[in-house]
Amino acid sequence: MRFRLWPRTLPVQLIVVVAGAVAISNIGVAFYYYVNSQSQAQNYIIERMVDRAASVAASVSQVQPQARLVVMRTMSVPSWRFREVPENYGSRVMTPDEQALAKRIGDALPAGHPRKTDVVVHLYQPLKDIDPSLRPVRSRQPNPPHDMIQAIVPISNHSAISGVFMRPTPDWPVEIMVAAVIAVLVASAGAAVMAGRVVRPLSELTGAAAAMADGSGRPHVVEQGPDDVRNAAAAFNAMAEKVTRTLESQRHLLSAVGHDLRTPITAMRINLEFIEDSELRDGLMRNLDELQALTEQVLAAARGTGGETKRNVDLSALVESLCADLDDLGEPVHWAGHAAAPISCRPNEIRRALRNVVENAVAYGNKADVRITGNAEGYEIVVEDEGPGIPESDRQRVFEPFVRLESSRNEATGGTGLGLSLVKAIVEGHGGAVVLENRKQGGLRVRMQLPRMPAAQPRPEAA
Ligand SMILES: Nc1ncnc2c1ncn2[C@@H]1O[C@H](COP(=O)(O)OP(=O)(O)OP(=O)(O)O)[C@@H](O)[C@H]1O
Ligand SMILES: [Mg+2]
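All values reported here derive from a predicted model rather than from experimental measurement. (Residues numbered from 1 in each chain as written. Chains lettered and ligands numbered in written order. Predicted model: local features only at pLDDT ≥ 70, side-chain atom pairs only at ≥ 80, totals over all residues.)

## Comments concerning the overall build of the protein chain
1) Next: Along the backbone of the protein chain there are nine helices and 11 strands.
2) Next: Against the globule reference of 23 Å for 463 residues, the protein chain gives a C-alpha radius of gyration of 48 Å, more extended than a compact globule.
3) Next: Across the 463 residues that make up the protein chain, the buried fraction comes to 25%.
4) Next: Within the protein chain, contacts between residues separated by at least 24 positions form 69% of all contacts whose residues are at least 6 apart in sequence. (Helix = DSSP H or I, 4+ residues; strand = E, 2+ residues; numbered from the N terminus. Rg over C-alpha atoms; globule rule 2.2 N^0.38 Å. Buried ≥ 20, exposed ≤ 12 C-beta atoms within 10 Å, placed from the backbone. Contact = placed C-beta atoms within 7 Å.)

## Considering the environment of serine 76
1) Next: The residue serine 76 is located in the loop between helix H2 (65–75) and strand E1 (80–86) in this model.
2) Next: As a C-alpha pair, serine 76 and valine 56 span 20 residues in sequence and 9.4 Å in three-dimensional space.
3) Next: Apart from residues no more than four positions distant in its own chain, serine 76 is found in contact with Arg81 and Phe82.

## As for the sheet that holds strand E4 (residues 159–166)
1) Next: Strand order in this open sheet of four strands is E1-E4-E3-E2, and the pairing throughout is antiparallel. In this open sheet, the two strands that pair with only one neighbour each are E1 and strand E2 (120–125). With strand direction ignored, the average angle separating the axes of adjacent strands in the sheet is 20°.
2) Next: Here E1 pairs with E4 via seven bridges, running antiparallel. Bridging from a neighbouring strand, phenylalanine 82 pairs with glycine 163 of E4.
3) Next: The strands that helix H1 (residues 10–62) touches are E1, strand E3 (148–154) and E4; relative to E4, the one it contacts most, it runs at about 155°.
4) Next: In this fold helix H3 (residues 96–108) packs onto E2 and E3, with an angle of close to 130° to the strand it touches most, E2. (Pairing = 2+ DSSP bridges. Axes fitted to C-alpha atoms, helices over the stretch in contact; angles between N-to-C directions.)

## Brief notes about the sheet that holds strand E6 (residues 333–335)
1) Next: One open sheet accounts for five strands, arranged E6-E8-E9-E11-E10; its pairing is mixed. Looking along the sheet, the strands with just one partner apiece sit at the ends: E6 and strand E10 (433–438). Taking each pair of neighbouring strands and ignoring which way they run, the sheet shows an average axis angle of 20°.
2) Next: Sheet topology places E10 next to strand E11 (residues 444–451); six bridges connect them, and they run antiparallel. Paired with glutamate 437 across the strands is arginine 445, a residue of E11.
3) Next: Packing against the sheet, helix H7 (residues 315–328) makes contact with E6, strand E8 (368–374) and strand E9 (378–384), and its axis sits at approximately 150° to E6.

## A short note on the site of ligand 1
1) Next: Taken together, 24 residues are adjacent to ligand 1, and Asn360, Leu405, Gly415, Gly419 and Leu420 come closest.
2) Next: Those elements giving two or more residues to the shell around ligand 1 turn out to be helix H8 (347–365) and helix H9 (419–429).
3) Next: Per element, the largest residue contribution to the shell around ligand 1 is five residues, and it comes from H8.
4) Next: Counted by class, the shell around ligand 1 contains 10 nonpolar, 12 polar and two charged residues. (Near = placed C-beta within 6 Å. Nonpolar A, V, L, I, M, F, W, Y, C, P; charged D, E, K, R; others polar.)

## With respect to the pairing of E4
1) Next: When you tally the buried positions in E4, you get seven out of eight residues, the bulk of the element.
2) Next: Judged from the seven bridges that link them, E3 and E4 form a sheet pairing that is antiparallel. Across the sheet, residue valine 153 finds its bridge partner in E4, namely isoleucine 161.
3) Next: What sits between E3 and E4 in their antiparallel hairpin is a turn of four residues.

## Notes on the packing of H1 against H2
1) Next: One can describe the packing of H1 onto H2 by two numbers: an axis separation of 9 Å at closest approach and a directional angle of 155°. Here H1 is positioned roughly antiparallel relative to H2, judged by the angle of their axes. Classified by chirality, the crossing of H2 by H1 is right-handed. Taken together, the residues of H2 that come into contact with H1 (itself represented by Val56, Ser59 and Val60) are Arg68, Val71, Met72 and Met75. (Parallel < 35°, antiparallel > 145°, perpendicular 65-115°, else oblique. Left-handed = near helix turned anticlockwise from the far one by under 90°.)

## Side note on the nonpolar core
1) Next: Counting residues in each nonpolar core, the largest one holds 37 residues, and the members touching the most others are Val319, Ala353, Val357, Val358 and Val370.
2) Next: The biggest single contributor to this core is H8, with six residues.
3) Next: Split by domain, the residues of this core number at least three in each of domain 2 (204–304) and domain 3 (307–463).
4) Next: By size, the runner-up hydrophobic cluster in this structure holds 29 residues, among which are Val60, Val121, Ala151 and Ile152. (Core = buried A, V, L, I, M, F, W, Y, C linked by C-beta atoms within 7 Å. Domains from an automatic or database assignment.)

## Examining helix H5 (residues 227–272)
1) Next: In this model, H5 (46 residues) spans 67 Å end to end at C-alpha, consistent with the 68 Å of a helix rising 1.5 Å per residue.
2) Next: Of all the residues in H5, the buried ones are Val229, Ala233 and Leu254. (Expected span 1.5 Å × (residues − 1).)

## Description of the environment of alanine 191
1) Next: Summarising the element assignment, alanine 191 is placed in helix H4 (residues 174–214).
2) Next: Residues alanine 191 and tryptophan 335, spaced 144 residues apart in sequence, show a C-alpha to C-alpha distance of 57 Å.
3) Next: Once you skip the residues sitting within four places of it in the chain, alanine 191 turns out to touch Leu14, Ile15 and Val18.

Here you go:
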């Protein structure tokens, strides 16, 4: 399983980005402050150490050996401690920094001070390396977090004093951390509000587009939110309006043509009776029958995608009753039983679509095997036959109106080529899809996929 840490929705992405940016900038500021105050504190303690070590050494060198301890006690404070040590105590090789400091202490000693050049400085000693008797009082507290700075300054030819200083470590600036947390919260709230302003109209747009695809209404979205989103909504509304109008005028045109053809056909049928040549009359009558069938198909196509309201029905019962009707008419239609399949659809349209598919199977494939399969998303009505199937290259084309494949242009199956285009319009009008495939064992398989849809939504317009 692949783990996706990056959130998928815009609001969460926006919040993560904004909160992350604010957090990073605040941590940067706090870190800068921390480092800066640390180096300031260090410089400060070193200045004081130089002064202090020099002045204590100068004072101690002036008093009698018996009084030295008293003087050094007086001059010690909790974070630094002075004690007398032997003349060559703790000498080791010094780093250049330590040498420079030792020289500064030497220079700060008064003229005439003994062995000014023998000052030793040990920077940042771990506490454990320092003789317990020389440690400052404060270093005895549990877990002292400080490094020590030790200065050893000669006070006579035979002795020296050790000064041990605690280096204070600055704390993390709590105020800055609290401010950072508040800033992150405020920025996240701001980002959430902004994201809401973008996402709300966007999800309305998504809903409207889905409603349009599903054919369940004339969608219109409120034009709101930032300019970019508002423009998208306006463009969508314009497109939806245009598509709806185009579809409507197409339907009106089809239904007008269908209607207007009916009257002359009827008139011609009556007039045909007066033709005496029976062969000619029968030929013309067949042509008229074809014309009449075409007209009825055109009218059906016009009605096909409009006029009916969605209802909750049992798809299984609907398919079964149609198959039974066709079976009664002597058509070779076989229906595999299926449990109740509740669905929201326009039942007459689905009936008309299925009828077309089944009639094709019978006409071009000798028989129709009908069954329903279902999954979480919806149902599939599957119709299989034993005919020649449809070559891959024609599977798109047969959905276009009036397209009939060369092989079926014969008297026996004389259709109009409107059947499958109607099927496609109906199924897609339900938010579904029609899939054609050739079966391995020969014959065509038509799969009409219908999503389970929410409760019926009335259509605003009637054809
Ligand atoms: N089951 C099938 N097996 C083989 N070819 C098919 C099958 N169904 C359809 N076709 C081919 O697709 C073409 C288009 O089918 P469609 O149902 O749209 O029109 P039609 O059956 O010719 O006429 P109509 O259904 O309008 O009376 C058919 O003419 C036929 O060539
Ligand atoms: Mg057909």
